[in-house]
Every structure is written in structure tokens, then in C-alpha cells.
Amino acid sequence: MTVTVAQALRAVAHDVAQLPPPRRPRKGTADPCACPHPDVLADRPDGMVVRHGDVVAKSHAPDTDLTALAARIATAAAPPLAGILLPPLPVPAAKTGFTTLLHGRPLSLWPYGAPVDPEDPDAAPWEDAATLLARLHAVAPGKLRPEPLPPMRGPAKAARAVARMRAAAGTHPATASILRAWAGLPAWARDEAPAPKNRIALCHGDLHLGQLVRHPAPDGPWLLIDVDDMGLGDPAWDLARPAAWYAAGLLAPDVWDRFLGSYRAAGGTAVRPEGDPWPQLDVPARALTVQTAALALAKSAAEERPLDEVEEMMIEACVRIAALPPELEC
């Protein structure tokens, strides 16, 4: 099935990229395309991403809410988000303009952007990420679409991670600590209730450095990608992953200070303009800590391997969280 989906994605991307027409295969060969072989950028159960030329074709998870996904992708093309989000490409013959079904999965198309270099952590664009988030949070949702956007899926992803851990590692000694940390979160952070209405903004929903690309590649401005989790919710969630890493000791204090300072300097509304940011960040950072630890435990159990050092640090952070009073949110 993976090969079939990859080949189908490649064919769609080839057509949209307007690359040279396929040539006849020579005897004994199976690849009729005259252009460079496509790159499989990601191949996971929740989606596959294939690049062909300057076009990226994405096959989304089979259980994706099609209506919500169509709204999110159409929003990414809205003029108020120009220079913040990478805009989608129209899908040929798609009724919704930007999405269609391919092998039973939603398909979307995007221009290629150069990702963050994982081999050069010192050049990671933390300040650019923070500025883009601040600009995203400042966009009034009412200016984007006539109907409301769906909720931001950050809490839903955290809940899914906990469910995955229960299924894969329910008897592991660390599971109890992670579940105690999870139980101490308010209902909205566990995806059991709407986010507080006084904290609603347009959110990315899954911010990390893998969600930034330079477009046009290789030296264009940084833009946010992957809107599968975008929607309305607490903007502090978009700061939660770096906040959780900082609290767990995985992100250096100076990097955290640069990120938070850039967000505030750009007018970000998720935290107060100055002073202690943790009254707003505490709950989302706890939730992302639980999510990361739960996924680490589930993966290690599925792969029948011990936890690595980073995974152990996130689980230790959950132990500390479980010992704290619940809901320290202002």
C-alpha cells in the first residue's frame, strides 16, 4: 500500500509541477519519468509526504475529518495569512479547490520549501518561529472565513498520545506517573471541554522547528507549514513545546529567552507582555510534557527497546508534574 500511495502522490505532483512528460521505459526498467526521482519526505501511519520538483504532495491520515481539513487548508490560502503560512496549491479537478481523495485518503498539494537543517542546531530559527506565531495569533479569525474554524487540535493530539500509551505500555512502571500528571490537567487541556473563551485565538496547534520552511527555497523567508491541527484555541499552546523542553532541561535557557523575547517583541498575546509567563504557559506546557512522554513510552514499548536519555527526562518531568498542585492556571 505504501508503494502505491507514493507512486500516486508522485504522479499528481509531477502533473502540477509541469515537469517534462514521462518517457517510455527502457526494456528492463520500471521508472518512465525523465525527471529526478521523487523524495519521500515523510512516511508515517498518519500521512505520507512526497516531493517532486517544486511540488509537495501530502496524503493525510485516513481518519481525517474532511470538512475540517478543507477549512484549515483554505484558511492557509487566505490573504491575511500571507507571509505567515505556506499557502497551498490548487488540486486539479478538486471540488473544494485544495483537497481531494486519493486512495481513500485526503490529498493536498504545497510548494516546496527548504526545511530547518537538523545538523546545524545553532542556526535554528527560534526567533523567526516566535515572530510568526505572534503574527498568527494576531489575525482576527473573523477575517478569514465566513464560517468558524474548527478547534485547534493540540489537546486532541495529547489525548490521542495518552490513549496510545495506555494500549501499548499500560503495565509499564512509568505509565502511572504519566497518567497522574495527565489527571491533574484541566478538562480543556485533556480535550474533554472547550478552551477558555477568554483565551481564544488562531493557533497552529503543533509548533516545532520541523514546521518551518524557507520559501522560495533555499533562501526565502521562513513560513509555517502543516495546518492539520490549526484552529481556534488557547494561543499559549503554540508556545507549550519549547516551554516544556525548557522546563525539562532540554532547551537551553538562553534559547528559551530568545524565543520568548521575540514573541513578546512581535506583540504576541499568549503571555503577558512582561514578567512571569508561566501563569499562562503552565497548563499547556504540562500537557505537552505528558504528550511527549506518553509517545516516547508507547514507541519504546512497540519497538521493544529501553527508553533513551531524552525520553527518560520527559518521564521524569511527568513525575515532578504529578507531585504539583493541579491547574496552576490564571
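Located above this text is the structure these notes cover.
Residues numbered from 1 in each chain as written. Predicted model: local features only at pLDDT ≥ 70, side-chain atom pairs only at ≥ 80, totals over all residues. Heavy atoms only, no water.

Q: A description of the nonpolar core should follow, citing residues and the corresponding values.
A: Generally speaking, a soluble globular protein has its nonpolar side chains buried in company with each other. Formed by 81 residues in total, the largest nonpolar core has its most connected members in Ile 178, Leu 212, Leu 224 and Leu 239. Residues in contact with Leu 239, not counting those within four places in the same chain, are Leu 133, His 137, Trp 256, Phe 259, Leu 260, Tyr 263, Ala 270, Val 271 and Leu 281. Counting 14 residues, the second-largest nonpolar core is a separate cluster that includes Met 48, Ala 57, Leu 107 and Leu 109. (Core = buried A, V, L, I, M, F, W, Y, C linked by side-chain atoms within 4.5 Å. Buried < 20%, exposed > 50% of the residue type's maximum accessible area, 1.4 Å probe, protein only. Contact = heavy atoms within 4.5 Å.)

Q: Provide a residue-level description of unusual backbone geometry, including the pertinent values.
A: Residue Pro 216 follows His 215 across a cis peptide bond; omega there is 0 degrees. The residue Pro 216 is located in the loop between strand S8 (212-214) and strand S9 (222-224) in this model. The phi dihedral of Asp 191 is positive, around 65 degrees, even though this residue is not glycine. One can find Asp 191 in the loop between helix H5 (173-183) and strand S7 (201-203). Its relative accessible area of 44% is what places Asp 191 among the partly exposed residues. The phi dihedral of Asp 226 falls on the positive side, at around 65 degrees, and the residue is not glycine. (Helix = DSSP H or I, 4+ residues; strand = E, 2+ residues; numbered from the N terminus.)

Q: Any chance you could break down the side chain of Arg 199 for me, citing the residues and the numbers?
A: Inspection of the secondary structure puts Arg 199 in the loop between H5 and S7. A distance of 3.1 Å separates the side chain of Arg 199 from the side chain of Asp 234, its partner in a polar contact. A distance of 2.7 Å separates a polar atom in the side chain of Arg 199 from the backbone oxygen of Ala 270. Leaving out residues up to four positions away in the same chain, Arg 199 has contacts with Gly 233, Asp 234, Pro 235, Ala 236, Thr 269, Ala 270 and Gln 280. (Polar contact = N/O pair within 3.5 Å; in protein donor to acceptor, adjacent residues only side chain to side chain.)

Q: If you had to explain the packing of aromatic side chains to someone new, which residues and values would you point to?
A: On inspection of all chains with the given rule, the structure shows 7 aromatic pairs. Both rings, one in Trp 188 and one in Trp 237, keep their centres 5.9 Å apart while their planes meet at 65 degrees; by these two values the pair is edge-to-face. Here Trp 237 lies in the loop between strand S10 (231-233) and helix H6 (240-248) and Trp 188 lies in the loop between H5 and S7, a separation of 49 residues in the sequence. We note that Trp 188, like Trp 237, is buried. (Phe/Tyr/Trp six-rings, centres within 6.5 Å; stacked < 30°, edge-to-face > 60°.)

Q: Please give an account of the pairing of strand S3 (residues 55-60) that cites residues and values.
A: In terms of residue burial, S3 counts as a mostly covered element, since 6 of its 6 residues are buried. Burial along S3 is two-sided: Val 55, Ala 57 and Ser 59 facing one way and Val 56, Lys 58 and His 60 facing the other are all buried. Looking at chain direction, strand S2 (residues 47-52) and S3 are connected through 6 bridges and run antiparallel. Note on S3: the bridge partner recorded for Gly 47 is His 60. Count of turn residues in the S2/S3 antiparallel hairpin: 2 residues, of which Gly 53 carries a positive phi of about 65 degrees. With 5 bridges connecting them, S3 and strand S5 (residues 105-111) associate as antiparallel partners. Within S5, the residue paired with Ser 59 across the bridge is Leu 107. (Pairing = 2+ DSSP bridges.)

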